[in-house]
Amino acid sequence: MGNSFNNLNQEIRKFNDVLNTMNILIWDSRTKMPKKGANSRGSQIGSLTSVAREILLSPKMRKLIDDSDNETHNLDKDSFERKTLKHLNEAIEYHDKIPEKIQVRKAEIEPLAHNAWAEAREKKDFSIFKPLLEEQVNIAIEQAHCIGFEDHPYDALMQRFEPGETVKSLKKLFDVLKVGLGDILKETSKVKKPDKSFLYNRYPIDKQIEFSTKIANKFGYDFERGRLDSTVHPFEISFTRDDVRITTRYYENFINPSLFGTLHEAGHGIYEQNISEEFTRTAMTTDFLSFYAVGGVSFGAHESQSRLYENHIGRSKIFWENHFGDLKDCFPEALKNVSAEDFFKAVNVVEPSLIRVESDESTYDFHIMLRVDIESMLIDKSLKVADLPVIWNEQIKEYLDLKVPDDSQGVLQDIHWSGGQFGTFCNYTIGNVMAAQLMETMKNNKPEIQNDINKANYLPLLNWLTSNIHSHGRRYTRNELLERSTGETLNPLPYLKYLKNKANQVYGVSFND
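Bear in mind that the values here come from a model prediction, so they are computed numbers and not experimental data.

Glancing now at the sheet that holds strand S3 (residues 244-248). If you walk across this open sheet you meet the three strands as S1-S3-S2, and the pairing is mixed. Pairing within the sheet leaves two strands with one partner each, and these edge strands are strand S1 (226-230) and strand S2 (236-238). Pairs of neighbouring strands in the sheet enclose a mean axial angle of 20°, with direction left out of account. As judged from the three bridges shared by S2 and S3, these two strands associate in the antiparallel manner. The residue of S3 that forms the bridge with Ile-237 is Arg-245.

Below is the structure:
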């Protein structure tokens, strides 16, 4: 390759290094930073955002792109070089529309908003978070109008997280899911729920760490290139494939959050750790739109991996037949007189919950639909921030027939708005749908991999996912990855089929379709 593209790659590495430095500061702010460090941390992240923007939008970068385009115009459109140029041109067009002051201000207030959110959540008082949330919403609205949109301003914000999705496309997806998920909720509500009371026994935290760490490692998360810490709201973040960190939260009297939270975040971490090494510090591990060093091609694609490991593997019957003995060794008193079958059914009870991250699979997506509805109303200004708690509580009642007792279990439960992440919640449902498509394809085309899973050997699954998803980084779009691996784009039917089969295993109910 010629000098121009090589020099362009050097600029991209510099840009990626700045983003990774920002990631380190963000990780620290959510795990280790003292509360009073928020102001200076916001300024630090704001400064680095300016540096990154200057690199991306500089005359030097633009000239290198033009020269590299001439140098590589004969190459295949899917080549590393042409994909790199495509990503850069799209990003520059995007960021040229957004004034620097908006981007910097958003970065500056994130640590402040995070601290305010955490305090408001702890004190169950939305008013503490309200002023900074109003600022984040105003920034998001301004961004949407700078970027531009055809039908709805919310579409512009989703471009960062799930390119191609719109309010209209989500409505079509959600309409199919509402019917199928509603059927599951209706049929399972007619049957006695399995006992899950033992999930709330005493589970010493050191043993929770021991078991979940062991399973994450067995799935393929490499602790020599990662670590597990505790935080208020679990997340994964990476500083290249060689340093990929995950977090979870622990409750001594409820095992699910740490157990399934760790498996979920390990799925994210496994994705980042298995991106091709050659893509390190390149455009294939750089989200130029979000100014985020990440290899996953979209937030939905990323979520497919976390949901796959957490639910398709970690909540499966065969998984607990294989690993319940190890869990019981860690918690002999808490799980006295509990069988693997009992535990499998308990962690798959279909029961509406106030908390999204603790919801069962069949009601989880109702939480996403609620949040998408609320966010789209905030962004088109039909809903004011001050009215959020009221509309939230009304929507929870409508979707799940639950009453919200306080703000911490309602409008304050998610971290996303403190970081100005409007437009990302749809990714969770897209991830659920995509995970089911991948698993169905794997079982149909490579049944021997399921045989290995049945024997608690997860390496063949990891290799299959790495070949089809992880290794490509940001080279292909989400739908391109799906078409290459499953032969079709996003399709909710395998997901509904999977959930109905799970309901049959747990409740013995059957469905007509």
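Anyway, onward from the coordinates.
It is at 7 Å that the axes of helix H16 (residues 426-445) and helix H20 (residues 493-507) come closest, and there the two elements cross at 80°. For the element pair H16 / H20, the angle class is roughly perpendicular. Across the interface between the two elements, Asn-432, Val-433, Ala-436, Gln-437 and Glu-440 of H16 pack against Pro-494, Tyr-495 and Lys-497 of H20.

Enumeration according to the criterion identifies 22 aromatic pairs in this entry. Judged by centre distance (5.2 Å) and plane angle (40°), the ring pair of Phe-219 and Tyr-309 falls under tilted. Here Phe-219, found in helix H9 (residues 205-219), pairs with Tyr-309, found in helix H11 (residues 299-313); they are 90 residues apart in sequence, far enough to count as distant. For the pair formed by Phe-219 and Tyr-309, the shared burial category is buried. Ring centres of Phe-319 and Trp-320 lie 4.8 Å apart, and the angle between their planes is 90°; this geometry places the pair in the edge-to-face category. Each member of the aromatic cluster is reached from another via a ring pair, and the members are Phe-198, Phe-211, Phe-219, Tyr-309, Phe-319, Trp-320, Phe-324, Phe-343 and Tyr-458. The ring of Phe-425 has Arg-371 lying over it, and the distance from NZ or CZ to the ring centre is 5.6 Å. The lysine or arginine in question, Arg-484, covers the ring of Tyr-476, its NZ or CZ lying 4.1 Å from the ring centre.

Turning to empty space enclosed by the protein, a few remarks are in order. Summed over all chains, the structure comprises five cavities of 30 Å³ or more. Estimates place the volume of the largest cavity at around 100 Å³. Along the wall of the largest cavity there are 14 residues; nearest its centre are Thr-240, Arg-241, Glu-272, Thr-285 and Gly-295. Class assignment for the residues of the lining of the largest cavity results in three nonpolar, eight polar and three charged. One number sums up the size of the second largest cavity: a volume of about 80 Å³. Lining the second largest cavity are Arg-315, Val-347, Asn-348, Val-350, Asp-360, Glu-361, Ser-362, Leu-499, Lys-502 and Ala-503. When residues of the lining of the second largest cavity are assigned to their parent elements, the largest contribution, three residues, is made by H20. Along the lines of polarity and charge, the residues of the lining of the second largest cavity split into four nonpolar, two polar and four charged.

As a further point, take the pattern of salt bridges. This model, assessed by the stated rule, comprises 42 salt bridges. We note a salt bridge from Arg-105 to Glu-108, for which the minimum N-O separation is 3.8 Å. Here Arg-105 pairs with Glu-108, and both are found in helix H5 (residues 100-123), just three residues apart, close to one helical turn. For Glu-108, a relative accessible area of 28% corresponds to the partly exposed category. A salt bridge links Arg-225 to Asp-222; the shortest N-O distance between them is 3.0 Å. Classification of Arg-225 by relative accessible area gives buried; the value is 19%. Using a relative accessible area of 23% as the deciding quantity, one classes Asp-222 as partly exposed. Among the charged side chains, a salt-bridge network with shared partners connects Lys-77, Asp-78, Lys-83 and Glu-480.

Let us look at the layout of surface pockets. In this model, the second largest pocket occupies a volume close to 580 Å³. Every element with two or more residues in the lining of the second largest pocket is listed here: H11, helix H12 (317-330), H16, helix H17 (447-454) and H20. Broken down by element, the residue count for the lining of the second largest pocket peaks at eight residues, all from H20. Of the residues assigned to the lining of the second largest pocket, the class counts are nine nonpolar, nine polar and seven charged.

Moving on, we come to H12. Between the first and last C-alpha of H12 there are 20 Å, a value that for 14 residues agrees with the 20 Å anticipated at 1.5 Å per step. Maximal helix bending in H12 amounts to about 50°, located at His-323. Along H12, the residues classified as buried are Phe-319, Trp-320, His-323, Phe-324, Leu-327 and Cys-330. At its buried positions, H12 is contacted by H9, helix H10 (256-273), H11 and helix H13 (340-346).

Residues lying three or four places apart along an α-helix face the same way, a consequence of the helix completing one turn every 3.6 residues. Those residues of H17 lying buried are Ile-449, Gln-450 and Ile-453. Angularly, the buried residues of H17 cover 100° about the axis, an arc narrow enough to put them on a single face. Check the buried side of H17 and you find it contacts H11, H12, H16 and helix H18 (459-468).

If you look at the biggest cluster of nonpolar residues, it comprises 162 residues, and the most contacted ones within it are Trp-320, Phe-343, Leu-388, Trp-417 and Leu-461. Those residues in contact with Leu-461 that sit more than four places away from it in its chain are Leu-308, Tyr-309, Ile-313, Met-439, Met-442, Ile-449 and Ile-453.

This brings us to the environment of Thr-466. In this structure, Thr-466 sits in helix H18. Each C-alpha atom, one on Thr-466 and one on Ile-270, is 9.0 Å from the other, the two residues being 196 residues apart in sequence. Leaving out residues up to four positions away in the same chain, Thr-466 has contacts with Asn-274 and Ser-471.

What counts and how
The residue numbers shown here count from 1 along each chain, following its written sequence. Local features in a predicted model are, by the rule used here, given only for residues with pLDDT of at least 70; side-chain atom pairs are given and counted only at 80 or more, and totals for whole chains, interfaces and linings are based on all residues. Hydrogens and water are ignored here; the side-chain numbers use all heavy atoms of the structure. Whether two strands pair depends on DSSP finding at least two bridges between them. The helix and strand labels rest on DSSP assignments: H or I over at least four residues marks a helix, E over at least two residues marks a strand, and numbering proceeds from the N terminus. Angles shown run from 0 to 180 degrees and are taken between the N-to-C directions of axes, each axis being a line fitted to C-alpha atoms and, for helices, limited to the stretch in contact. Throughout this description, any angle smaller than 35 degrees is read as roughly parallel, any larger than 145 degrees as roughly antiparallel, any in the 65 to 115 degree range as roughly perpendicular, and the remainder as oblique. Contact criterion: two residues are considered in contact whenever any of their non-hydrogen atoms come within 4.5 Å of each other. By convention, a stacked pair of Phe, Tyr or Trp rings (six-membered ring in the case of Trp) has centres within 6.5 Å and planes under 30 degrees apart, an edge-to-face pair has planes over 60 apart, and any other such pair is tilted. Relative accessibility under 20% of the residue-type maximum defines a buried residue, over 50% an exposed one, and the middle range a partly exposed one, all with a 1.4 Å probe and only protein chains included. Here, a charge over a ring means that NZ of Lys or CZ of Arg falls within 6 Å of the ring centre while also lying within 35 degrees of the ring normal. Only protein atoms enter the 1 Å grid used here, on which a cavity is any set of points holding a 1.4 Å probe that cannot leave and a pocket is any open set flanked by protein within 12 Å on both sides along at least five of seven lines; residues with an atom within 4 Å of a point are listed as lining. Grid points are joined across faces, edges and corners, and a volume is the space filled by probe spheres set on the points. Amino acid classes used here: Ala, Val, Leu, Ile, Met, Phe, Trp, Tyr, Cys and Pro are nonpolar; Asp, Glu, Lys and Arg are charged; the rest, including Gly, are polar. When a carboxyl oxygen of Asp or Glu is within 4 Å of a side-chain nitrogen of Lys or Arg, the pair counts as a salt bridge. To estimate the expected span of a helix, count its residues, drop one, and scale the result by 1.5 Å. Two axes define the bend at a residue: one fitted to the seven residues ending there, one fitted to the seven starting there, and the bend is the angle between them. Within this analysis, the arc is defined by the directions that extend from the helix axis to the C-beta atoms. Side-chain atoms within 4.5 Å link the members of a nonpolar core, which is a set of buried Ala, Val, Leu, Ile, Met, Phe, Trp, Tyr and Cys residues.

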